[in-house]
Amino acid sequence: MSADEPVVSMDGVDVHFETEGGLNPFENPETVRAVDGVDLEIPENDVVAIVGESGSGKTTLGKAAVGLQRPSGGTVSYRGQDVWEAKKRFSNPSIPYEEIRRSLQIIHQDPGSSLNPHRTVEASLAEPLKKYQTDLGPEDREARILAMLERVGMAPPHDYAQRYPHQLSGGEKQRVALVRALLMNPDLILADEAVSALDVSLRVEVMDLMLDLQEQFDTSFLFISHDLSNARYLAEHAGGRLGVMYLGELVELGEAQEVLQNPQHPYTKVLKWATPSLSLEEGATEPPVREIDIPDPVDPPSGCRFHTRCPHATDHCKRTAPDVRSVDGGARTHRASCFRLEDGSDYWRSEPLEGARLDD
Ligand SMILES: Nc1ncnc2c1ncn2[C@@H]1O[C@H](COP(=O)(O)OP(=O)(O)OP(=O)(O)O)[C@@H](O)[C@H]1O
């Protein structure tokens, strides 16, 4: 372990779920490959926004990153310490599991679900402090809570501290959830669809607050959204990265501006096309896909998983899965998994699938 180690490293992470085999008890259970072979490093003070369609595995990836979902393959480490090794009884980890748990926090789409309806805001916020900051007395605890409430715009803080969750608006509940996460002094906050349930007018406000707090507390954020315009807003304003998931795979990752200005995976281009604020910039009209329907993650397509929809797919894509390729070779590498990034690939000599073409 060292201070230079990324806060979280995911190395070849798979999360596969076994599900019941339909109505027939003699049928074999099916495997949902929610996350497949994902590599992702999140250093200190970093922002990564992950975007993808519903069911692409974003939540599962996020939960695996903060140690709430055990991977079925690969490793997840916190500052070099394998998270699941640290959790084992009788292990002797370099970082105790309790410290890892405190350092990796989550805020949910529905902040109400993480607040006890029978407890005041102050009581809910005192709980993590009592558990993890045992040196704080009741007065210091109260002072910390009130200062944080004020910091996130809940003024007068004394008034908000005595309210119950039903006396708060959706935006206020999300602010309390943010305070609750920040009081743990975390290194990384997973914000899973944290603004999706809010009115459009409030989303930017809460994202601005997250950006502000991220800068002030030097906390890394893993922000998950099905909406590219939200992911873009947060990642671009933080100077962070944008990751694109498709059927369990992280198919593109890089600096947000670079990924959006110079997308390399055909699926990233589809997401751009489907986002009015971005497609209008380019005046694109025709959808850049052959098939609108998303395949089943229980039975993903062979080879490149995007080949059934890709406008550039060839026979080669149907048979072989592309490796992750670096696009620019820079320090914070822009990477994508597509044969079109390899000049010498057999892809270029292979027959385009029906309705597809090699050129743009
Ligand atoms: N505990 C589980 N057991 C079985 N299958 C699961 C489980 N959790 C998730 N899945 C499946 O894994 C796939 C990925 O789900 P996940 O929730 O991670 O996707 P997502 O991109 O976050 O989607 P959404 O935006 O709809 O939440 C889906 O097909 C989902 O049905």
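Conventions we followed
Residues numbered from 1 in each chain as written. Predicted model: local features only at pLDDT ≥ 70, side-chain atom pairs only at ≥ 80, totals over all residues. UniProt positions renumbered as here; feature names shortened; annotations may be inferred. Pairing = 2+ DSSP bridges. Helix = DSSP H or I, 4+ residues; strand = E, 2+ residues; numbered from the N terminus. Contact = placed C-beta atoms within 7 Å. Axes fitted to C-alpha atoms, helices over the stretch in contact; angles between N-to-C directions. Near = placed C-beta within 6 Å. Expected span 1.5 Å × (residues − 1). Buried ≥ 20, exposed ≤ 12 C-beta atoms within 10 Å, placed from the backbone. Core = buried A, V, L, I, M, F, W, Y, C linked by C-beta atoms within 7 Å. Domains from an automatic or database assignment. Arc of directions from axis to C-beta. Parallel < 35°, antiparallel > 145°, perpendicular 65-115°, else oblique. Left-handed = near helix turned anticlockwise from the far one by under 90°. Nonpolar A, V, L, I, M, F, W, Y, C, P; charged D, E, K, R; others polar. pLDDT = per-residue confidence, 0-100.

As recorded in an unreviewed UniProt entry, the chain goes by Peptide/nickel transport system ATP-binding protein and comes from Halopiger aswanensis. Looking at the Sequence similarities (unreviewed entry) heading of the UniProt record, one finds this comment for the chain: "Belongs to the ABC transporter superfamily."

Student: Explain the sheet that holds strand β1 (residues 8-19) to me, using residue names and the numbers behind them.
Tutor: Taken in spatial order, the four strands make up an open sheet running β2-β1-β4-β5, and their pairing is antiparallel. Two strands bound the open sheet, and with one partner strand each, they are β2 (30-42) and β5 (81-82). By the bridge criterion, nine bridges tie β1 to β2 in an arrangement that is antiparallel. Its bridge partner lying in β2, Ser9 is registered against Glu41. Docked against the sheet, helix α1 (residues 58-65) engages β1, β2 and β4 (73-78), running at close to 125 degrees with respect to β1.

Student: With reference to specific residues and values, describe the site of the ligand.
Tutor: Phe17, Ala34, Ser54, Thr59 and Thr60 are the nearest of the 14 residues found near the ligand. Of all the secondary-structure elements, those providing two or more residues to the shell around the ligand are β1, β2 and α1. Considering every element that reaches the shell around the ligand, the biggest residue donor is α1, with three residues.

Student: Run through helix α7 (residues 170-182), naming residues and quoting values.
Tutor: With 13 residues, α7 should cover 18 Å at 1.5 Å per step; its first-to-last C-alpha distance of 18 Å lies within 8% of that length. Taken across its 13 residues, α7 has eleven buried, putting it largely inside the fold. What α7 keeps buried is the set Glu172, Lys173, Gln174, Arg175, Val176, Ala177, Leu178, Val179, Arg180, Ala181 and Leu182.

Student: Go over the nonpolar core, please, and point to the residues and values.
Tutor: As a rule of thumb, nonpolar side chains are buried together in soluble globular proteins. One finds Ala49, Leu222 and Leu234 to be the most contacted residues of the largest nonpolar core, which totals 89 residues. Formed jointly, this core draws a minimum of three residues from each of two domains, domain 1 (8-262) and domain 2 (263-360). Sequence-distant contacts of Leu222, defined by excluding residues within four places in its chain, comprise Ile42, Val48, Ile50, Gly62, Ala65, Leu188 and Leu190.

Student: Before we move on, can you summarise helix α8 (residues 200-217) with the specific residues and values?
Tutor: Taking 1.5 Å per residue as the helical rise, α8 with its 18 residues ought to reach 26 Å, and the 26 Å between its terminal C-alpha atoms agrees with that figure. Of the residues making up α8, those classed as buried are Arg203, Met207, Met210, Leu213 and Gln214. Buried residues of α8, viewed axially, fall in a sector of 125 degrees; they line one side. Relative to its buried face, α8 has exposed residues pointing more than 90 degrees away, namely Ser201 and Gln216. Where α8 terminates, the next one or two residues include Asp218, which has phi positive at roughly 55 degrees.

Student: So what's going on with the domain arrangement of the chain? Which residues, and what values?
Tutor: Considered domain by domain, the chain is made up of domain 1 (8-262) and domain 2 (263-360). Contact with domain 1, which involves 24 residues of that partner, is made by 23 residues of domain 2. Sorting the residues of the side of domain 1 that touches domain 2 by element identifies β2, α9 (228-238), β9 (241-246), β10 (249-255) and α10 (256-261) as the ones contributing at least two each. Take the side of domain 1 that touches domain 2: its biggest share by element is six residues, from β10.

Student: Can you explain the environment of Gly62? Please cite residues and give values.
Tutor: Its location among the elements puts Gly62 in helix α1. Classification of Gly62 as buried rests on a count of 22 C-beta atoms within 10 Å. Taking the C-alpha atoms as reference points, Gly62 and Ala191, 129 residues apart in sequence, are found 8.6 Å from one another. Leaving out residues up to four positions away in the same chain, Gly62 has contacts with Leu190, Asp192, Leu222 and Ile224.

Student: Go over the packing of helix α4 (residues 121-132) against α7, please, and point to the residues and values.
Tutor: Viewed as axis vectors pointing N to C, α4 and α7 meet at an angle of 25 degrees, and their least axial separation amounts to 9 Å. In terms of their interaxial angle, α4 and α7 are classed as roughly parallel. Considering the relative orientation of α4 and α7, their crossing is right-handed. Across from Val121, Ser124, Leu125 and Pro128 in α4, the residues of α7 making contact are Val176, Val179 and Arg180. Of the residues contributing to the contact of α4 with α7, the split by class is five nonpolar, one polar and one charged.

Student: Quick one: what's the story with the pairing of strand β6 (residues 104-107), residue by residue and with numbers?
Tutor: Here β6 shows no split at all, with Leu104 and Ile106 on one side and Gln105 and Ile107 on the other all buried. Looking at chain direction, β6 and strand β7 (residues 188-192) are connected through four bridges and run parallel. Paired with Ile107 across the two strands is Ala191, which belongs to β7.

Student: Requested: an account of the sheet that holds β10, with residues and values cited.
Tutor: One open sheet holds the eight strands; their spatial order is β6-β7-β8-β3-β9-β10-β12-β11, and the pairing between them is mixed. Here the strands that pair on one side only, and so sit at the sheet edges, are β6 and β11 (325-326). Taken together, the six bridges between β9 and β10 define a ladder with antiparallel strand orientation. The residue bridging Val244 from the neighbouring strand is Glu252, located in β10. Most of the contacts of helix α11 (residues 266-273) go to β9, to which it runs at about 105 degrees, and overall it touches β3 (47-51), β9 and β10.

Student: Got a sec to walk through the confidence of the model for the chain? Specific residues and values, please.
Tutor: Averaged over every residue, the pLDDT of the chain is 89; the share at 70 or more is 94%. Among the scores for the predicted complex, ipTM is 0.96 and pTM is 0.91.

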